Amino acid sequence: MDKQNNSVMTVANDLGYGAVKMQVDDEFVLAPSVLAVEREQDLTSPVEFDNEEEQDQYMDQLLNQLDVTVSSSAVKRQGRFFVGQAAVESQLPLTMFDVNDFTGKADDDLALILTLSLIAGKRVKEAYFANEDLSSNLKVTVNMATALPINEGKQAGVKERYQQKYVNQRHQVTFHNFADPITVDITFRRVYVALEGETAQLFIRYANPALKEALASDFKENYPELAKQVTIDDVINADNLLGIDIGEGTTDLVSIINGRANATASSSLAKGYGNVLQQAIDVLQAQQMNFDSRTALQGYLSSTVSPFAKKHQARVQAVVYQQLEPFADQIVDAVSKTMRTTGAQTELVFVYGGGAIPMLSQSQLRNKLVAKLRNFNGGDDLPVIWINQEFAQLMNMEGLKLIASEL
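All values reported here derive from a predicted model rather than from experimental measurement. (Residues numbered from 1 in each chain as written. Predicted model: local features only at pLDDT ≥ 70, side-chain atom pairs only at ≥ 80, totals over all residues. Heavy atoms only, no water.)

Colleague: Mind showing me how you'd approach the sheet that holds strand β4 (residues 34-37) here?
Modeller: Strand pairs in the sheet, formed through backbone hydrogen bonds, run parallel or antiparallel to each other. With mixed pairing, the 10 strands of this open sheet are ordered in space as β3-β2-β1-β8-β10-β9-β5-β6-β4-β7. Both edges of this open sheet fall to β3 (27-32) and β7 (95-96), since each of them pairs with a single strand only. Two elements, strand β5 (residues 67-72) and strand β9 (residues 171-175), share five bridges in a ladder whose sense is antiparallel. By the bridge assignment for β9, Val68 is matched with Phe175. Sitting on the sheet, helix α17 (residues 395-404) is in contact with β1 (6-15), β2 (19-24), β3, β8 (138-148) and β10 (182-195), with an inclination near 145 degrees to β1. (Pairing = 2+ DSSP bridges. Helix = DSSP H or I, 4+ residues; strand = E, 2+ residues; numbered from the N terminus. Contact = heavy atoms within 4.5 Å. Axes fitted to C-alpha atoms, helices over the stretch in contact; angles between N-to-C directions.)

Colleague: Any chance you could explain helix α7 (residues 209-222) here in plain terms?
Modeller: The periodicity of an α-helix, 3.6 residues per turn, causes residues three or four places apart in sequence to face the same way. If you check α7, its first and last C-alpha atoms are 20 Å apart, about what 14 residues at 1.5 Å a residue would give, namely 20 Å. Three or more residues of α7 are buried, namely Leu211, Ala214, Leu215, Ala216, Asp218 and Phe219. (Expected span 1.5 Å × (residues − 1). Buried < 20%, exposed > 50% of the residue type's maximum accessible area, 1.4 Å probe, protein only.)

Colleague: I'm lost on helix α10 (residues 273-286) in this one. Help?
Modeller: Under the 1.5 Å per step criterion, the end-to-end length of α10 is 20 Å for 14 residues, consistent within 8% with the ideal 20 Å. For α10, the set of buried residues is Tyr273, Gly274, Asn275, Val276, Leu277, Ala280, Ile281 and Leu284. Positive phi shows up at Gln288, right after α10, with a value of about 65 degrees.

Colleague: Hey, could you run me through the side chain of Asn143 in this one?
Modeller: Relative to the helices and strands, Asn143 resides in strand β8. Looking at Asn143, its side chain comes within polar contact range of the main-chain nitrogen of Arg190, at 3.5 Å. What Asn143 contacts, discounting residues up to four positions off in sequence, is Val8, Met9, Thr10, Val11, Arg189, Arg190 and Leu407. (Polar contact = N/O pair within 3.5 Å; in protein donor to acceptor, adjacent residues only side chain to side chain.)

Colleague: It is not clear to me how the packing of aromatic side chains should be interpreted in this structure. Could you clarify?
Modeller: The relation between two aromatic rings is expressed through the spacing of the ring centres and the mutual angle of the planes. Tallied over the entire structure, the rule returns nine aromatic pairs. Ring geometry for Phe49 and Tyr58: centres 5.3 Å apart, planes at 65 degrees, overall edge-to-face. Accessibility expressed as a relative area gives 24% for Phe49, which makes it partly exposed. The exposure class of Tyr58 is buried, given its relative accessible area of 16%. Taken together, the ring pairs connect Phe49, Tyr58 and Phe178 into an aromatic cluster. (Phe/Tyr/Trp six-rings, centres within 6.5 Å; stacked < 30°, edge-to-face > 60°.)

Colleague: Help me understand the nonpolar core in this model?
Modeller: In globular proteins that are soluble, nonpolar side chains generally tend to be buried together. Counting residues in each nonpolar core, the largest one holds 63 residues, and the members touching the most others are Ile244 and Phe350. With eight residues, the top contributor of residues to this core is helix α13 (residues 324-342). Setting aside residues up to four positions removed in sequence, Phe350 forms contacts with Gln201, Ile204, Leu215, Val235, Leu241, Leu242, Gly243, Ile244, Ile385 and Ile387. Core analysis: the second largest hydrophobic core is formed by 54 residues, Phe81, Ala111, Leu116 and Val142 among them. (Core = buried A, V, L, I, M, F, W, Y, C linked by side-chain atoms within 4.5 Å.)

Colleague: How do you make sense of the pairing of β8 when you look at a structure like this?
Modeller: Two faces make up the sheet, and in a regular strand the side chains alternate between them. Counting buried residues in β8 gives 10 out of 11 residues, a clear majority hidden from the surface. Sheet analysis places β1 next to β8, joined by eight bridges and oriented parallel. Looking at β8, one finds that Thr10 is bridged to Asn143.

Colleague: Mind showing me how you'd approach the environment of Val349 here?
Modeller: Looking at the element boundaries, Val349 is found in strand β15 (residues 348-352). Assessed through its relative accessible area of 0%, Val349 is described here as buried. Residues Val349 and Asn222, spaced 127 residues apart in sequence, show a C-alpha to C-alpha distance of 13 Å. Dropping the residues within four chain positions of it, Val349 is found in contact with Leu242, Ile244, Leu373, Leu382, Pro383, Val384 and Ile385.

Colleague: Honestly, the environment of Phe28 in this entry has me stumped. Any pointers?
Modeller: As for its placement among the helices and strands, Phe28 is situated in strand β3. Sequence-wise, Phe28 and Leu112 are 84 residues apart; in three dimensions their C-alpha atoms are separated by 18 Å. In this structure, Phe28 is in contact with Lys21, Met22, Gln23, Leu394 and Met397, ignoring residues within four places of it in sequence.

Following this line, the structure appears as structure tokens:
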């Protein structure tokens, strides 16, 4: 390929506090939202390959092997980093989004480092398999749709300031995995910054057949009589609804009235499932169990352990689940405030986000929501539809894909 090694990419970037869900052209990327700073004693020798097949396999998994430096006027944090899965596997101390302070994603260098590193990794992978010259700088021009939590994005100038960190800047990512470093120059042509939760609702409105089936299944199971009177198209085309997006660091409540997002009623609870994990870590450490990060705890909870460790894993799970009910109560309180603002128009409630998965199976949140919502609907049920595990974590990214396709 000539064209000065240039490429154009379309990116849908759902940058979560716990994980990045990103669609880069035709490839889906899921990576932990972490990095590890490499000190001099942590630097390793460049990777070597015994044969071409081994090299191809490594390059195919390059997005799990990110060892980079980032040069950008928008990034203040300097150094050489393992990023995403490479950081987790490095066993070095992890840097992640702080779910306890009030600094937003737009002001955290981690947001840009993750985004730039993954896009650059995709560009290197693309160039390698296209037999491009990796000794000269690779270039990529990006059109990207991304999102911020509702309360952060609603603040005056925040979305515009975050957008400007990408556009009108030159970004450079250098890979140190190899004997000869590979450098990628990234330019953003267009960046659209949406609000989390609203993008998920966009995907519901334009649901694909698989999502329609998932919505219909939950609706019929929990509201069998009502399901006889309405179709799934009635559900996805509802104009007055509330979306509850339970993430790692925030829980976003998006109010849709007459088919349009209601900025006044929509809000964010500055807590997510990550806060539950952090509280559980404090308990586990007091019980002499060695978990030092949310990422490590999540990895252990989702892993398949040997018969020798099953009892221990169950004990760890029990500690985490003990923290869920207070969080469920906080979500219900936030929903109550939103419902008081929206008035009597809300007809339907959707619950999604990565945190919605454990909250459904291991807490009483659904029952508590149903009971609370009756108080705003004259004692009648206000249907609550829970997005299943297949889609829950990906709702915002799927909505961003729809936006990115129009950029």
